[in-house]
Amino acid sequence: SSLLSSIVSVIAVLVIVPFISFFLLKDNRRILQGLLQTIPNKYFEMSYYVLKKVTLRLGLYVRAWIFDATFVGVMIGFGFYFIGVPNALPLGVIAGLGHLIPYFGPIIGGIPAIIVSIVQYGDFSQVPLILFVVLITYTFDNGFVQPYVFGKSTDMHPIAIILLIISGGILFGLFGMLLAIPVATVIKTFSKEIYFAKKNYKIARV
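Residues numbered from 1 in each chain as written. Predicted model: local features only at pLDDT ≥ 70, side-chain atom pairs only at ≥ 80, totals over all residues. Heavy atoms only, no water.

Of note, Gln146 is situated in helix α6 (residues 127-154). On the accessibility criterion, Gln146 (11% relative accessible area) is buried. Apart from the residues within four sequence positions on either side, Gln146 is in contact with Asp68, His99, Asp141, Gly151 and Ile165. (Helix = DSSP H or I, 4+ residues; strand = E, 2+ residues; numbered from the N terminus. Buried < 20%, exposed > 50% of the residue type's maximum accessible area, 1.4 Å probe, protein only. Contact = heavy atoms within 4.5 Å.)

Pasting the structure below:
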């Protein structure tokens, strides 16, 4: 039952995350307008300001996510090229796209390269080098690039980013790791901007 639950969770992430991300990007203006319509008029100015700031911060987070995936794809593509894996650059593109699905990037990036190398050479001689390239790339990315890039986009310290991911995984598993940073970003931005709005908008203090 635990194995079945894990498989269902993985499939849910693979299906739900791209689906939700697509509609959030496609209909973000309509979603924002729908939220604002539910807010009383005297809080409209403050609410619009806060929601705009939260949306901006989440947009920066998505851009950082895409940048990080591009970095991983380029690193793995050139790594495969230098160790002699056929079709290295297309495999790098696959790895970069796979990295957009959180925490499945190494699997999506490594397995196609292993299959191609076995078909090309007829043995497992390239497998250790492929695993080494993937390991080095993700060690550098998870240890330095990802915390720094996400820290800049969310206005949080890289150590806080790492601790958030670890805490989310401990408390809520895979979904906790996936949602830890965006949820923390929303809460932090919302709290900060509410405080700023209360100080700067008289209507907010009514």
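Moving on to the confidence of the model for the chain. Summary statistics for the chain give a mean pLDDT of 78 and a share of 73% for residues scoring 70 or more. Taken element by element, the chain is modelled with least confidence in helix α1 (residues 2-26), mean pLDDT 62, and with most confidence in α6, mean pLDDT 88. (pLDDT = per-residue confidence, 0-100.)

Of all hydrophobic cores here, the largest spans 26 residues; its most connected members are Ile76, Phe80, Ile130, Phe150, Ile161 and Ile181. Elements that contribute at least two residues to this core include exactly α3 (44-83), α4 (88-99), α5 (105-121), α6 and α7 (158-200). It is α6 that contributes the most residues to this core, eight residues altogether. Setting aside residues up to four positions removed in sequence, Ile130 forms contacts with Phe80, Ile83, Val85, Gly110, Ala113, Ile114 and Ser117. (Core = buried A, V, L, I, M, F, W, Y, C linked by side-chain atoms within 4.5 Å.)

Here we take up the packing of α4 against α5. Across the interface, α4 lies against α5 with an axial gap of 7 Å and an inter-helix angle of 155 degrees. Between α4 and α5, the crossing angle belongs to the class labelled roughly antiparallel. For α4 against α5, the interelement crossing comes out right-handed. Taken together, the residues of α5 that come into contact with α4 (itself represented by Leu91, Ile94, Ala95, Gly98 and His99) are Gly105, Ile108, Gly109, Pro112, Ala113 and Val116. (Axes fitted to C-alpha atoms, helices over the stretch in contact; angles between N-to-C directions. Parallel < 35°, antiparallel > 145°, perpendicular 65-115°, else oblique. Left-handed = near helix turned anticlockwise from the far one by under 90°.)

Our next topic: unusual backbone geometry. Only a minority of non-glycine residues have a phi that is not negative, and only a minority of peptide bonds are not trans. The backbone phi angle of Asn87 is positive, close to 55 degrees, even though this residue is not glycine. Locating Asn87 in the fold gives a position in the loop between α3 and α4. Residue classification places Asn87 among the exposed positions, given a relative accessible area of 54%.

Moving on to α4. Owing to its 3.6 residues per turn, the α-helix aligns residues three or four sequence positions apart on the same side. For α4, with twelve residues, the first-to-last C-alpha span of 16 Å sits near the 16 Å given by 1.5 Å per residue. Taken as a whole, α4 has its buried residues at Ala88, Leu91, Gly92, Ala95, Gly96, Gly98 and His99. Projected down its long axis, α4 carries its buried residues within an arc of 160 degrees, all on one side. Residues of α4 that are exposed and point over 90 degrees away from its buried face: Val93 and Leu97. (Expected span 1.5 Å × (residues − 1). Arc of directions from axis to C-beta.)

Moving on to the environment of Gly77. If you trace the backbone, Gly77 turns up in helix α3. The exposure class of Gly77 is buried, given its relative accessible area of 2%. Taking the C-alpha atoms as reference points, Gly77 and Pro90, 13 residues apart in sequence, are found 7.3 Å from one another. If we ignore the near neighbours within four places in the chain, the residues touching Gly77 are Ala88, Leu89 and Gly92.

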